[in-house]
Amino acid sequence: MADYDVIVIGAGPGGYVAAIRAAQLGLKTACVEKYPTLGGTCLNIGCIPSKALLQSSHLYEETSEHLGPHGIKVGKVELDLAAMMARKDKVVGENTRGIEFLFRKNKIDWLKGAGRILGPGKVEVAAKEGTATHGAKHVVIATGSDVTPLPGVAIDEKQIVSSTGALALASVPKSLVVIGAGVIGLELGSVWKRLGVDVQVVEFLDRALPQHDGEVSRQAQRILERQGLKFSLSTKVTGAKTTKSGVTLTLEPAKGGQAQEIKADIVLVSIGRRPYTEGLGLKEAGVAVDARGFIQTDGHFRTNMPGIWAIGDAIGGLMLAHKAEDEGVAAAELIAGQAGHVNYDAVPSVVYTWPEIAHVGKTEEQLKAEGTAYKVGKFPFTANARARANNDTEGFVKFLADAKTDRVLGCHIIGPSAGDLIAEVALGVEFVAAAEDFARTCHAHPSLAEAVKEAALGVAGRSIHI
Ligand code: FAD
Ligand code: NAD
């Protein structure tokens, strides 16, 4: 007899959600987690601490520089970094303890220690106190991802840091070089820029946020440059020398050429993340991985080994917490004999810079490459009454709709509350909505969401306020 119906390995947003959904469906469930707190990368060293610092640093910058136009005068604004970091840690603690509460509520056993798959239905859990073996009808791998290292730039989490170190600097450095103009680079680069650091971002490709819609990434770079971030595009870092006084990086044009050196107090390596499956026993258990180490599945979270499932960052695709969560729900439902499914076309992505950058669906570049005929509707926040009232008018909403059917194929928003505005569009995409559906839906006035409606009206060339 198996001890459990389901053992989930890893308690990040993929794993803990899979465990809760499995328990809701009446399955006897345990979750193995080796980190001292639950919640995985997202709650401990990812989404949550980064958003706590983005919010605090935004308030600091707003109070220091942007209250004048509202008729508010403040005296000297001072930074208490230790208090800012302590608040971030408190937020993390509240969230991770929240997952412990949810485990107790749903009668999920937290098996503390490192999990290793001994074969279908058998998981070994190694902790300081000893090693135990547990049986389960189904094993779900949700072990997440880790930082991709950069050869020649060894991370010490002191002077050369990953996102984990950048979320916990003990003092404000004078200068920071960020390697990689992706999501982590721009979010954490923004945090430290707002706190007074000289930030230079080095990117291998020819634009920031290279996976985003080109028009959006160009606008994002312009706005961030106005905020003081500096960009070196089409540039590669070939080496790093660390001394007590800082780090010297060697840069070269991406295509090769004259090398140059730059110095920084701190260097952040943020060039992507790779699957984390160390010590999991995949090879011995016969679980297949692809060339980059991502666990291979059949598209429905089943690995090649019967009874072994995999979800979240460890299987690749979008490395996002909400994608991992939805996969956790779908996998648990499939295990319970239901019809679990994730519609990847409707998964939104948000970059939490100021302004925020959000999208769902395809970019213009993708539509062009696949030869799909499309129409564009665009509306700037400068023409939105609420954005003007808020003194927060940077950015635009852009719809991409099928030229023949009007079906929404993509939506890209750079602007205030973009991360919340995209939710309406994701729902529409899930329901296979046309641009006209958004255009004919009544939106409250004055709201930022009216910019979404106006951009949808723009697809048919009939925006009202521009
Ligand atoms: P993880 O969250 O990585 O969790 C895996 C867990 O498995 C970990 O707790 C690990 O300790 C455990 N584990 C691994 N191996 C074993 C083992 N053998 N035995 C026991 N336990 C094991 N995504 C967003 O959607 N929005 C954001 O704003 C966002 N911000 C981010 C900011 C940063 C700085 C970073 C680094 C990431 C961010 N992400 C964000 C990405 C997000 O954190 C990940 O996509 C998400 O955490 C993946 O969830 P997961 O459950 O697959 O894995
Ligand atoms: P990323 O893939 O977003 O960006 C990495 C960037 O580094 C890319 O622009 C890439 O071209 C560049 N790059 C790669 N190699 C390079 C090199 N040698 N030199 C210079 N540049 C190089 O990766 P990330 O920012 O490290 O984030 C990792 C993952 O975490 C992402 O998949 C992201 O989805 C997730 N994340 C999400 C959020 C969010 O949803 N708000 C926030 C943080 C992280």
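Residues numbered from 1 in each chain as written. Chains lettered and ligands numbered in written order. Predicted model: local features only at pLDDT ≥ 70, side-chain atom pairs only at ≥ 80, totals over all residues. Heavy atoms only, no water.

Let's talk about the sheet that holds strand 14 (residues 260-264)
As summarised here, the arrangement of the three strands in space is 12-13-14, forming an open sheet in which the pairing is antiparallel. Bordering the open sheet on either side are strand 12 (235-243) and strand 14, each of which pairs with just one other strand. Each strand of the sheet is rotated relative to its neighbour by a mean of 25°, with strand direction disregarded. Inspection of the sheet shows strand 12 paired to strand 13 (residues 246-253) by eight bridges, in the antiparallel sense. Each residue of the ladder has a partner; that of Thr242, found in strand 13, is Val247. (Pairing = 2+ DSSP bridges. Helix = DSSP H or I, 4+ residues; strand = E, 2+ residues; numbered from the N terminus. Axes fitted to C-alpha atoms, helices over the stretch in contact; angles between N-to-C directions.)

Concerning helix 1 (residues 13-24)
Owing to its 3.6 residues per turn, the α-helix brings residues three or four apart onto one side. Along its 12 residues, helix 1 runs 16 Å from first to last C-alpha, staying within 8% of the 16 Å computed at 1.5 Å per residue. When you tally the buried positions in helix 1, you get 11 out of 12 residues, the bulk of the element. All of the buried residues along helix 1 are Pro13, Gly14, Gly15, Tyr16, Val17, Ala18, Ala19, Ile20, Arg21, Ala22 and Ala23. Lining the buried residues of helix 1 we find strand 1 (4-9), strand 2 (29-33), helix 2 (40-45), helix 4 (81-105) and helix 9 (321-335). Looking one or two places after helix 1, you find Gly26, whose phi comes out positive at around 90°. (Expected span 1.5 Å × (residues − 1). Buried < 20%, exposed > 50% of the residue type's maximum accessible area, 1.4 Å probe, protein only. Contact = heavy atoms within 4.5 Å.)

Considerations on the sheet that holds strand 22 (residues 408-415)
Read across the sheet, five strands follow the order 18-19-22-21-20 without closing on themselves; strand pairing throughout is antiparallel. Each edge of the sheet is formed by a strand with only one pairing partner; in this case those strands are strand 18 (349-351) and strand 20 (374-380). For this sheet the average axis-to-axis angle between neighbouring strands, irrespective of direction, equals 10°. As paired elements, strand 18 and strand 19 (residues 356-361) share three bridges and run antiparallel to each other. Looking at the pairing, Ser349 lines up with His359 of strand 19. The strands touched by helix 7 (residues 214-226) are strand 19, strand 20, strand 21 (396-402) and strand 22; relative to strand 22, the strand with the most contacts, the crossing angle is about 5°.

Description of the site of ligand 1
The environment of ligand 1 is made up of 39 residues, and the closest members are Glu33, Thr41, Lys51, Gly115 and Ala321. Here Cys47 contributes a backbone N or O atom positioned 3.5 Å from a nitrogen atom of ligand 1. Elements represented by at least two residues in the shell around ligand 1 include exactly helix 1, strand 2, helix 2, helix 3 (47-66), strand 4 (114-119) and helix 9. Ranked by residues supplied to the shell around ligand 1, first place goes to helix 2 with four residues. Its residues assigned to classes, the shell around ligand 1 comprises 18 nonpolar, 16 polar and five charged. (Near = heavy atom within 4 Å. Polar contact = N/O pair within 3.5 Å; in protein donor to acceptor, adjacent residues only side chain to side chain. Nonpolar A, V, L, I, M, F, W, Y, C, P; charged D, E, K, R; others polar.)

What about the environment of Thr63?
Inspection of the secondary structure puts Thr63 in helix 3. Along the backbone, Thr63 and Val77 are 14 residues apart, and their C-alpha atoms lie at a distance of 7.2 Å. The contacts of Thr63, once residues within four sequence positions are left out, are Val74 and Val77. There is a polar contact of 2.5 Å between the side chain of Thr63 and the backbone oxygen of Leu59.

Comments concerning the packing of aromatic side chains
The tally for this structure, following the rule as stated, stands at one aromatic pair. Measuring from ring centre to ring centre gives 5.2 Å for Phe399 and Phe438, while their planes differ by 50°; the resulting arrangement is tilted. With Phe399 in strand 21 and Phe438 in helix 13 (residues 435-439), this residue pair connects regions lying 39 residues apart in the sequence. On the accessibility criterion, Phe438 (5% relative accessible area) is buried. Across from the ring centre of Trp110, 4.4 Å away, lies the NZ or CZ of Lys112, which sits over that ring. Geometry around Phe396 places Lys378 over its ring, the cationic atom sitting 4.6 Å from the centre. (Phe/Tyr/Trp six-rings, centres within 6.5 Å; stacked < 30°, edge-to-face > 60°. Lys NZ or Arg CZ within 6 Å of the ring centre and 35° of its normal.)

Quick word on the environment of Lys378
Residue position: Lys378 is located in strand 20. Along the primary structure Lys378 and Ala456 are separated by 78 residues, whereas in three dimensions their C-alpha atoms are 7.5 Å apart. Setting aside anything within four residues of it in sequence, one finds Lys378 in contact with Glu215, Phe396, Val397, Lys398 and Ala455. One polar contact links Lys378 to Glu215, side chain to side chain, over a distance of 2.3 Å.

Focus on the domain arrangement of the protein chain
Domain annotation of the protein chain identifies domain 1 (4-147 + 274-342), domain 2 (160-271) and domain 3 (346-459). Computed from C-alpha coordinates alone, the two centres of domain 1 and domain 2 are separated by 27 Å. The interface is formed by 17 residues belonging to domain 1 together with 16 residues belonging to domain 2. Each partner contributes to the roughly 1400 Å² buried at the junction of domain 1 and domain 2, and carbon and sulfur atoms together form 70% of this total. It is Ile45, Leu54 and Leu81 that lose the most area in domain 1 upon contact with domain 2, and together they represent 32% of the buried surface on that side. (Domains from an automatic or database assignment. Buried area = accessible area lost by both parts, 1.4 Å probe.)

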